[in-house]
Amino acid sequence: MAAPKVAVVGAGVIGLSTALCIVETCPSCSVTVLSDQFSPNTTSDVAAGMLIPHTYPGTPIHVQKQWFKETFTYLFAISNSAEASEAGIHLVSGWQVFKSTPKEELPFWSDAVLGFRPMSEAELQKFPQYQFGQAFTTLKCDCPPYLLWLQKRLKATGIQMYNRKISDLWELHSEYDIVVNCAGIGAHQLVGDRKLFPVRGQVLKVYAPWVKNFIRDGDGLTYIYPGIHRVTLGGTREKESWSLSADPGTTKDIFDRCCSLEPSLREAQDIKVKVGLRPTRQCVRLQREVLSQAGVKLLVVHNYGHGAGGFSVHRGTAKEAARLVGECVAALQGSSSGSKL
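- In the annotation of an unreviewed UniProt entry, the entry for the protein reads D-aspartate oxidase, and the organism field reads Oxyruncus cristatus.
- Taken from UniProt, the Function (unreviewed entry) comment for the protein reads in full: "Selectively catalyzes the oxidative deamination of acidic amino acids. Suppresses the level of D-aspartate in the brain, an amino acid that can act as an agonist for glutamate receptors. Protects the organism from the toxicity of D-amino acids. May also function in the intestine."
- Turning to the protein, the UniProt record has this under Sequence similarities (unreviewed entry): "Belongs to the DAMOX/DASOX family."

If you want it as structure tokens, here you go:
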């Protein structure tokens with residue numbers, strides 16, 4: 001049969017990395033990326049890009065750990081290469097601090113990051129209002145450069161990328177054999193997923209080059225994540241809010257909270273405010289589906305709903321989505337030789 005045509009819908013970190021994994025694992029496929037937004041206008045561009053996993057209640061922990069390990073290993077190799085600066089990936093050390101000792105002193109990902117340990121008494125003196133903490137080294141992606149680096153890698157393999165808004169996956173059935181849905185929060189309308197909802201995040205990107213260590217409140221709401229050029233200060237988690245407008249009161253609140261953890265941030269300059277809608281579900285939707293209309297079938301692979309944890313697991317889920325695309329290709333080849341899908 002001719003090379004199977006695959007459309008990947010969405011050009012955030014999930015869409016681009018999924019397209020790349022498909023090319024790597026199914027080289028016989030002809031892959032196209034379709035999206036109404038590309039960097040710097042995606043939700044992924046707003047993300048802090050820190051590799052600290054968020055837990056998905058509906059996904060087995062061993063699966064989440066596998067996704068995270070695969071992502072960490074992949075990015076660690078890039079951070080150790082000559083492309084680290086262009087890809088915006090670097091190691092960063094720091095602390096996660098808690099007002100009281102958490103029930104789980106060792107999170108499931110503790111052995112996947114580097115040098116995970118409880119904080120010493122001396123370290124905790126930096127945070128007088130906190131009782132317990134964890135120190136470790138992890139990876140940080142500066143998101144806009146990383147997305148551009150992924151696009152460059154895709155273009156080098158001959159992948160086509162088109163600016164196109166898709167309102168219904170059926171639009172694509174006459175052009176493509178397999179459609180991969182990486183639409184993020186767009187899947188709410190695109191496939192009518194009512195289990196998917198936005199969690200609005202507002203962050204500040206500031207110039208404060210003296211801040212070298214990350215600091216994260218264990219509740220996940222207040223964080224300071226130094227990147228290569230700017231420091232990300234956060235944040236908010238506003239369920240079911242679709243607003244992309246920055247709120248000045250929230251900006252002040254985020255800045256004050258971060259300054260209470262790191263007082264030197266009072267001198268931060270060139271404060272830019274960003275807002276993104278995290279595509280949130282109980283579990284990532286990572287599955288095959290066969291859509292059928294009037295006897296016509298369309299093979300679909302879904303990979304969306306990563307919420308606040310997309311960067312931490314993006315490569316792991318992209319590899320799984322690519323494996324599912326491989327299953328679809330096998331089904332197509334089987335059907336072309338006379339068996340049913």
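Now that the structure is up, let's keep going.
### Focus on the side chain of histidine 314
- Locating histidine 314 in the fold gives a position in helix H9 (residues 310-336).
- Among residues more than four places away in sequence, those in contact with histidine 314 are Val13, Ile14, Ser17, Thr71, Leu75 and Tyr146.

### A word on the layout of surface pockets
- Estimates place the volume of the second largest pocket at around 680 Å³.
- Pro53, His54, Thr55, Arg216 and Arg237 are, among the 30 residues lining the second largest pocket, the residues nearest its centre.
- Sorting the residues of the lining of the second largest pocket by element identifies strand S3 (89-98), strand S8 (197-207) and strand S13 (269-293) as the ones contributing at least two each.
- The biggest single contributor to the lining of the second largest pocket is S13, with 4 residues.

### Some remarks on the packing of aromatic side chains
- One pass over the structure, following the stated rule, counts 11 aromatic pairs.
- Judged by centre distance (6.0 Å) and plane angle (50°), the ring pair of phenylalanine 98 and phenylalanine 132 falls under tilted. Of this pair, phenylalanine 98 sits in strand S3 while phenylalanine 132 sits in strand S5 (residues 132-141), and the two are 34 residues apart along the sequence. Take phenylalanine 98 and phenylalanine 132: they sit in the same class, and that class is buried.
- One aromatic cluster in this structure is built from Trp109, Phe116, Phe136 and Phe214.

Reading the values: rules and limits
Residues numbered from 1 in each chain as written. Predicted model: local features only at pLDDT ≥ 70, side-chain atom pairs only at ≥ 80, totals over all residues. Heavy atoms only, no water. UniProt positions renumbered as here; feature names shortened; annotations may be inferred. Helix = DSSP H or I, 4+ residues; strand = E, 2+ residues; numbered from the N terminus. Contact = heavy atoms within 4.5 Å. 1 Å grid on protein atoms, 1.4 Å probe; cavity = no way out; pocket = protein on both sides within 12 Å on 5 of 7 lines; lining within 4 Å. Points joined across faces, edges and corners; volume = space filled by probe spheres on them. Phe/Tyr/Trp six-rings, centres within 6.5 Å; stacked < 30°, edge-to-face > 60°. Buried < 20%, exposed > 50% of the residue type's maximum accessible area, 1.4 Å probe, protein only.

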